[in-house]
Amino acid sequence: MKAAGNLVAGTIESLGATAIHLSREVGGITLLLGRVLRCLVPPSMDGRELVRNMYRMGNRSLPIVALTAFFVGGIMVIQAGMYVKQFNAAGLVGWGAGYSIFREIGPVLIALMFSGRVGSNNTAELGTMTVTEQLDGLRALAIDPIRYLIVPRVVAMVVMLVVLTVLGILVAIVGGALFSSLLLDLEYSTFYYSLVDNLDWTDFLHGIVKSAVFGMSISLTSCYFGVSVRGGAIGVGRAVNAAVVAAAVSIMLLDFFLTYLLP
Amino acid sequence: MSPPLPSLGLRRRVERVGAAVLDGMDAGFELARTFGATVRGVFRSQRPPGEVLAQMYVIGNKSLLFVAVTLGFIGMVMVYQSCLQLNRITGDLSQVGPEFLKLLIQEFGPSITALMLATRVGAGIAAEIGSMKVTEQVDALRMSGVTPIDYLITPRFIASVIMTGVMTVFAVLIAFAAGGLTAASSFGVNANTFFDPGRVRVFDIALGAIKTLSYGMAIPVISGFCGLRARGSSEGVGAATTAAVIGSSLAVIVLNFIISGTGLLLLGDGR
């Protein structure tokens, strides 16, 4: 009887601890968003830092994003191909692959890869700066760490994720066309017209708007977990882990709400 | 007259490409060796007692909420998008449920669960082993005559193979239920029409199982390998964690492509 009581108390305790923990993190991220927005109106940030971050985060991620997108295009065509063999509907491959790449799989998977590469890198970097007290050093020199370190990173990540998503979607479509010709013996023109006739700009823009929001959430979570690191090298590892998990959850949640809200 | 030498800039560029290729091949061979050593470690018992269970708890139970939330929302989104598109073209929503279940079992259930686990478990393994590496605990293990791979990666490997399977089954159920709720509430699809497993073939289940098994094997080996390669201090741990997440996610996508492609080629016409 007592053991059962302890179990119930333990469960309630851990639930409460999780809830408090979660509220603290969501609150911290929201406060960070507020501070970043205040620095953006009127825009005042370190221009050189912005360009450096855009190059590091965007240009250097292009190979991994392009590789992912190429294979994702292939996977989508393979999935559509299973239906083609079943129902003999070759005219629908371009539509099926294009629709899922434009609206869902393209933006979500590219954001997940971006979060894995850029977001976790960013958390590790800011975390290392925090544990070696470089942020306090900046403050001692009267430089605002938010304005100098975080705002350029947030802007760079949002801009670069949108750019990478546009490029990635194009690569995925090219990959899809290539594999539909290799694996399904489909003419490129069949693929092209099936895509163009059934989809329009709203499908493409749907994905692009999503990627901008994903960029915002990835940048804020990775910066937040970076600057709130405690406890040396182990703390940095733990913060990176927490940041990628939080980014993945926020991508899925936002994807759900945006799907309902956007046309 | 001697032939003109290529300019120094060109030579340096070629050198850089060559160095990158050599580094990549080295890493590839070492990864293959790590995989071999891990599998061999399964049949030797050099791992600490109870470690597999402890890792199963970390990989499985602690990821439960994460997988449930992400897969639940993905299930809702996918059903919503397909109903929207079908309404635009045919208007017949009776096939959405059975086809969704089929797709979930052979493709999205295993792959998206594995991507989520690559993020969470992969980062965790690399951060843990990487911290041990930079604080010289791995060298201490080696000095006391224990193979680090047997001691550190093999228990995580066994635990991950088992728990990836369990999590995938769980994820398919969650996503299917969430999708059914969306179809019923937003499009008025009857629950009996939606929850119909009649379309699932043995082929789909086999494909999903093969995918789950290969993802479960790839994630801990790649992440452990990245952790053991960590250099320096906290920066090195961060870099190892990033490499683990990217490497495992990419492995999931490439394996998915290879296995699905083979499946498509094996699948005969008209079945």
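Scroll up to find the structure.
Everything numeric here is computed off the predicted structure, so don't read it as measured data.

**Student:** So what's going on with the overall build of chain B? Residues and values would help.
**Tutor:** Counting secondary structure elements, chain B contains nine helices and zero strands. Going from N to C terminus, chain B has its helices and strands arranged as α-α-α-α-α-α-α-α-α. Counting only residues that meet the buried cut, chain B has 52% of its 271 residues in that class. Considering only intrachain contacts with a sequence separation of at least 6, the fraction spanning at least 24 residues in chain B is 87%. Element-wise, carbon and sulfur atoms account for 67% of the exposed surface of chain B, whose accessible area totals about 12,500 Å².

**Student:** Outline the packing of aromatic side chains, supporting the account with residue identities and numerical values.
**Tutor:** What describes a pair of aromatic rings is the distance from one ring centre to the other and the angle between the planes of the rings. Tallied over the entire structure, the rule returns 19 aromatic pairs over all chains. Centroid distance Phe102(A) to Phe204(A): 5.5 Å. Interplanar angle 70°. Geometry classified as edge-to-face. Placement of Phe102(A) in helix α4 (residues 93-131) and of Phe204(A) in helix α8 (residues 201-227) is noted, with a sequence separation of 102 residues between them. A residue is classified by how much of its surface remains accessible, and Phe102(A), at 10% relative accessible area, is buried. Linked through ring pairs, Phe256(A), Phe257(A), Tyr260(A), Phe73(B), Tyr80(B) and Phe187(B) together constitute an aromatic cluster.

**Student:** Quick one: what's the story with the interface of chain A and chain B, residue by residue and with numbers?
**Tutor:** How big an interface is tends to be expressed through the accessible area that disappears when the partners come together. In this assembly, 55 residues from chain A lie in contact with 59 residues from chain B. Between chain A and chain B, a total of about 4,800 Å² is buried, with carbon and sulfur atoms accounting for 75% of that surface. Applying the counting rule to chain A against chain B returns zero salt bridges. At the surface where chain A touches chain B, the tally comes to six residue pairs in polar contact (both at pLDDT 80 or more). Grouping the amino acids of the side of chain A that touches chain B by side-chain chemistry returns 34 nonpolar, 14 polar and seven charged.

**Student:** So what's going on with helix α8 (residues 202-228) of chain B? Which residues, and what values?
**Tutor:** Taking 1.5 Å per residue as the helical rise, α8(B) with its 27 residues ought to reach 39 Å, and the 40 Å between its terminal C-alpha atoms agrees with that figure. For α8(B), a buried count of 19 out of 27 residues is recorded, marking the element as mostly surrounded by other parts of the structure.

**Student:** Could you give an account of empty space enclosed by the protein, with specific residues and numbers?
**Tutor:** Applying the stated criterion to the full structure yields four cavities of 30 Å³ or more. Taken as a whole, the largest cavity spans an internal volume of roughly 120 Å³. Lining the largest cavity are 13 residues; nearest its centre among them are Leu109(A), Glu107(B), Ser111(B), Leu115(B) and Asn256(B). Put simply, the parts of the chain that give the lining of the largest cavity at least two residues each are α3 (62-87) and α4 of chain A together with α4 (96-134) and α9 (234-266) of chain B. For the lining of the largest cavity, the element with the highest residue contribution is α4(B), accounting for five residues.

**Student:** Tell me what's going on with the side chain of Thr182(B), and back it up with residues and numbers.
**Tutor:** Within the element layout of this structure, Thr182(B) appears in helix α6 (residues 148-187). Residue Thr182(B) is classed as buried on the basis of its relative accessible area of 3%. Excluding its chain neighbours within four sequence positions, the residues that come into contact with Thr182(B) are Tyr260(A), Met76(B), Tyr80(B) and Phe187(B).

**Student:** Tell me about unusual backbone geometry, and please be specific about residues and values.
**Tutor:** Unlike most non-glycine residues, Glu133(A) shows phi in positive territory, near 60°. Its identity is not glycine, yet Glu136(B) carries a phi of approximately 65°, on the positive side. Within the element layout of this structure, Glu136(B) appears in the loop between α4 and α5 (137-143). We classify Glu136(B) as exposed; its relative accessible area is 55%.

**Student:** Let's hear about the layout of surface pockets: which residues, and what values?
**Tutor:** Roughly 1,900 Å³ of internal volume is contained in the largest pocket. Forming the boundary of the largest pocket are 48 residues, of which His21(A), Glu25(A), Phe225(A), Ala242(A) and Val245(A) lie nearest the centre. Mapped by element, the contributors of at least two residues to the lining of the largest pocket are α1 (2-40), α8 and α9 (232-261) of chain A together with α2 (51-59), α3 (64-89) and α4 of chain B. Examining the composition of the lining of the largest pocket, we find that 13 residues originate from one element, α9(A), more than from any other. The volume enclosed by the second largest pocket comes to roughly 1,100 Å³. Around the second largest pocket, the lining is made up of 31 residues, and of these Tyr83(A), Trp95(A), Ser82(B), Leu86(B) and Leu103(B) lie nearest the centre. For the lining of the second largest pocket, the secondary structure elements donating two or more residues are α3 and α4 of chain A together with α3 and α4 of chain B.

**Student:** Account for the pattern of salt bridges, with residues named and values stated.
**Tutor:** Residues and elements named next belong to chain A. Within the structure shown, the criterion is met by 16 salt bridges over all chains. Between Arg153 and Glu125 there is a salt bridge, and its shortest N-O distance comes to 2.6 Å. Remark: Glu125 occurs in helix α4 and Arg153 occurs in helix α6 (residues 145-184); sequence separation between them is 28 residues. When its relative accessible area of 1% is taken as the criterion, Arg153 is described as buried. With relative accessibility at 27%, the residue Glu125 sits in the partly exposed group. Linking Asp255 and Lys210 is a salt bridge whose minimum nitrogen-to-oxygen distance equals 2.9 Å. Of the two residues, Asp255 is situated in helix α9 and Lys210 in helix α8; the sequence distance between them amounts to 45 residues. Across this residue pair, the class does not change: Asp255 and Lys210 are buried. Connected through salt bridges with shared partners, the residues Glu49, Arg52, Arg56, Glu125 and Arg153 form a single ionic network.

Calculation criteria
- Residues numbered from 1 in each chain as written.
- Chains lettered and ligands numbered in written order.
- Predicted model: local features only at pLDDT ≥ 70, side-chain atom pairs only at ≥ 80, totals over all residues.
- Heavy atoms only, no water.
- Helix = DSSP H or I, 4+ residues; strand = E, 2+ residues; numbered from the N terminus.
- Buried < 20%, exposed > 50% of the residue type's maximum accessible area, 1.4 Å probe, protein only.
- Contact = heavy atoms within 4.5 Å.
- Areas by Shrake-Rupley, 256 points an atom, 1.4 Å probe, with all protein chains shown as cover.
- Phe/Tyr/Trp six-rings, centres within 6.5 Å; stacked < 30°, edge-to-face > 60°.
- Buried area = accessible area lost by both parts, 1.4 Å probe.
- Salt bridge = Lys/Arg side-chain N within 4 Å of Asp/Glu carboxyl O.
- Polar contact = N/O pair within 3.5 Å; in protein donor to acceptor, adjacent residues only side chain to side chain.
- Nonpolar A, V, L, I, M, F, W, Y, C, P; charged D, E, K, R; others polar.
- Expected span 1.5 Å × (residues − 1).
- 1 Å grid on protein atoms, 1.4 Å probe; cavity = no way out; pocket = protein on both sides within 12 Å on 5 of 7 lines; lining within 4 Å.
- Points joined across faces, edges and corners; volume = space filled by probe spheres on them.

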